[in-house]
Amino acid sequence: MSLKKNILANYVSQIYVTLIGIVIVPLYIKYMGAEAYGLVGFFAMLQAWFMILDMGLTPMMARETARFRGGATDALSYRRLVRALEGIFIIVALVGGGAMFAASTYIAHDWLQASHLAIEEVQTAIRLIAIIIALRWMCGLYRGAISGSERLVWLSGYNISIATLRFVGVLAVLHFVGTTPTLFFGYQLGVAVLELIILLLKAYRLLPAIPKGKRIAWSWAPLKPVLKFSLSIAFTSSVWVFVTQTDKLVLSKILPLAEYGYFTLAVLVASGVMVISGPVSGAIMPRMAKLEADGNHDGLIRVYRQATQMVAIIAAASSITIAFCAEPLLWAWTGDKLLAHNAAPILGLYALGNGILAVSAFPYYLQYAKGNLRLHLIGNALFVILLIPAIIWAASQYGGIGAGYVWLAMNLVYFIAWVPLVHHRFEKRMHVKWLGLDVLAIYLSAISVAYGLFMIMPITNNRWWQFSYIGIMGLLVIFAGVFASSLFWTKVKKWSIQQQI
């Protein structure tokens, strides 16, 4: 499978899924109201917290699939591992979803601050959410098998189709049937069932055939050899959830549901920056694991540095453009000047934090390929010890803006203090080149161009003109990052030599 095609497919899919989820939000608020949309944001937050129960099994599934394809394990052992994982996933889905379903009364009555929605309506929505989350979490196992097989072009097309059903298809229900949360989440439940069935069927088509005369029964034994690595990823995943979702959990209790909906909207727009790291990591992690299994260390580092520059170019452009233009962007998007004014500071802070996070996540990919997450565990343990109390305090005292400042500051500290330590451990003498050529050169160029374009931004009451200017500004900032990247000039030099031959 072509790595470039896989990355391109992932980008198309992730950009589409992210953008359609963002673009459609004003229509959700129009049909359902801000308070009901707060339930949608609460649903997204709960889904993220549910990933703690993953125990590192989904990324381990992708890695073991890549290892099987690289010849590191045989077909029978791989099939036994898949069967063992299926049993674990089913149990966790039943227990986790059931616990959330049972807690629906408490969540509706005592946690969420709803003022207009009926408590019974909120409780029913929470119960539907519990079932949807359990089903979508089950999808992770089969997505892991498919991505580990590097069938990312198919998976990207499938994700686009499901996202269209999920985000756009529900508008027909809201327009022609009704706008209650029960109808909204009832429709989402149907999509989740369809999503799981198709992923299951596709994954099973990719599994190797069971040797004749062999029977695959469930057993704990296949998990033992990979348990240490899985638990390392589990810790990392748990830390990631705590890091990215604690502010949302705290604010869901503190803020009225309508205000929480607006906060969720700002964070959702900022999360568009993270669409940059998702597609690349999904493509390079199995490839890097395979290169490591093949003993091709130079190839692994080459993929690592090239992917860093690709992410840095677009992460810098998106995060910096959003941060400079947060208020005009929100106004052009929603048409609500009060919403734009209140949410813009939160959006800017989270966008910058996510822009730093997109590149500081790369050392994890390197450790993942090496199968050694010890240093990553130590770093994340220290990080979470500092971050969680700070976010709880800041969110409690200053709301979303306080949480935004903590998010930006902590990501900056991690990038400056911890990333070089990881690089020194796994690839000595690489960090200075990685930092200077692959990251800072691109970010500084993007900041300079973005600042200049922002200073000459025209003041207008035309939303479409404002949105168009911001879009053109983002493209120009991308070009600035491209011209500042060594990867671009290497390609130009290679092309020039080919033309001379």
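Every value quoted in this text rests on a predicted model; they were computed, and no experiment measured them.

The rules we used
Residues numbered from 1 in each chain as written. Predicted model: local features only at pLDDT ≥ 70, side-chain atom pairs only at ≥ 80, totals over all residues. Heavy atoms only, no water. Phe/Tyr/Trp six-rings, centres within 6.5 Å; stacked < 30°, edge-to-face > 60°. Helix = DSSP H or I, 4+ residues; strand = E, 2+ residues; numbered from the N terminus. Buried < 20%, exposed > 50% of the residue type's maximum accessible area, 1.4 Å probe, protein only. Patch = residues over 30% accessible without salt bridge, like charges linked within 9 Å, V, L, I, M, F, W, Y side chains within 5 Å. Areas by Shrake-Rupley, 256 points an atom, 1.4 Å probe, with all protein chains shown as cover. Salt bridge = Lys/Arg side-chain N within 4 Å of Asp/Glu carboxyl O. Lys, Arg positive; Asp, Glu negative; His and termini not counted. Charge placed at Lys NZ, Arg CZ, Asp CG, Glu CD. Axes fitted to C-alpha atoms, helices over the stretch in contact; angles between N-to-C directions. Parallel < 35°, antiparallel > 145°, perpendicular 65-115°, else oblique. Left-handed = near helix turned anticlockwise from the far one by under 90°. Contact = heavy atoms within 4.5 Å. Nonpolar A, V, L, I, M, F, W, Y, C, P; charged D, E, K, R; others polar. Expected span 1.5 Å × (residues − 1). Bend = angle between axes of the 7 residues up to and from the residue.

Visitor: Go over the packing of aromatic side chains, please, and point to the residues and values.
Guide: The full count for this structure, using the stated rule, is 19 aromatic pairs. On the basis of an interplanar angle of 80° and a centroid distance of 5.5 Å, the ring pair of Tyr-28 and Phe-184 is categorised as edge-to-face. Of this pair, Tyr-28 sits in helix H2 (residues 25-32) while Phe-184 sits in helix H9 (residues 181-206), and the two are 156 residues apart along the sequence. Looking at Phe-184, the relative accessible area reads 3%, which means it is buried. On the numbers, 6.2 Å between centres and 40° between planes, the contact of Phe-415 with Trp-434 is tilted. Taken together, the residues Phe-415 in helix H17 (residues 374-417) and Trp-434 in helix H19 (residues 431-455) connect sequence positions 19 residues apart. Given a relative accessible area of 11%, Phe-415 falls into the buried group. Judged by relative accessible area, Trp-434 falls into the buried class, the value being 0%.

Visitor: Could you give me a rundown of the environment of Ala-209, with the residues and numbers involved?
Guide: Tracing the backbone shows Ala-209 in the loop between H9 and helix H10 (224-254). Judged by relative accessible area, which is 64%, Ala-209 ranks as exposed. Taking the C-alpha atoms as reference points, Ala-209 and Leu-76, 133 residues apart in sequence, are found 8.4 Å from one another.

Visitor: Describe helix H16 (residues 362-370), naming the residues involved and giving the relevant values.
Guide: Most of H16 is tucked away: eight of the nine residues are buried. Those residues of H16 lying buried are Phe-362, Pro-363, Tyr-364, Tyr-365, Leu-366, Gln-367, Tyr-368 and Ala-369. Two residues or fewer after H16 comes Gly-371, characterised by a positive phi angle close to 75°.

Visitor: Outline a positive patch on the surface, supporting the account with residue identities and numerical values.
Guide: There is a patch of like positive charges on the surface, built from Arg-374, Arg-425, Lys-428 and Arg-429. Within the element layout of this structure, Lys-428 appears in the loop between helix H18 (419-426) and H19.

Visitor: Can you explain the pattern of salt bridges? Please cite residues and give values.
Guide: If you walk through the whole model with that rule in mind, you get six salt bridges. For Asp-294, the salt bridge identified is with Lys-290, shortest N-O distance 3.4 Å. Taken as a pair, Asp-294 and Lys-290 lie in helix H12 (residues 277-294) at a separation of four residues, close to a single helical turn. Residue classification places Asp-294 among the partly exposed positions, given a relative accessible area of 45%. Since its relative accessible area comes to 25%, Lys-290 is described here as partly exposed. For Arg-305, the salt bridge identified is with Asp-438, shortest N-O distance 2.7 Å. In this pair, Arg-305 is assigned in helix H13 (residues 297-324) and Asp-438 in helix H19, connecting sequence segments 133 residues apart.

Visitor: Would you mind going over the packing of helix H15 (residues 337-360) against H17 in detail, with residue names and values included?
Guide: Relative orientation of the contacting elements H15 and H17 amounts to 20°, with a least axis distance of 8 Å. The orientation of H15 relative to H17 falls into the category roughly parallel. Judged by the sense of rotation from one axis to the other, the crossing of H15 with H17 is left-handed. Counting all contacts with H15, which are made through Pro-345, Ile-346, Leu-349, Tyr-350, Leu-352, Gly-353, Asn-354, Ile-356, Leu-357, Val-359 and Ser-360, the residues of H17 involved are Gly-400, Ile-401, Ala-403, Gly-404, Tyr-405, Trp-407, Leu-408, Asn-411, Leu-412, Tyr-414 and Phe-415. Taken together, the residues of the contact of H15 with H17 break down into 16 nonpolar, six polar and no charged.

Visitor: Hey, could you go over the side chain of Thr-308 for me, with residue numbers and the actual values?
Guide: Note on placement: Thr-308 falls in helix H13. On the accessibility criterion, Thr-308 (0% relative accessible area) is buried. Discounting residues that sit within four places of it in the chain, Thr-308 has contacts with Phe-362, Trp-434, Asp-438 and Val-439.

Visitor: Mind laying out H15, listing which residues take part and the relevant values?
Guide: Think of an α-helix as 3.6 residues a turn; residues three or four steps apart then line up on the same face. Compared with an ideal rise of 1.5 Å per residue, which puts 24 residues at 34 Å, H15 spans 34 Å between its outermost C-alpha atoms and is within 8% of the ideal. Along its length, H15 reaches its greatest deviation from straightness, about 45°, at Ala-343, and the proline Pro-345 lies no more than four positions downstream. In terms of burial, H15 is a largely internal element, 18 of the 24 residues being buried.

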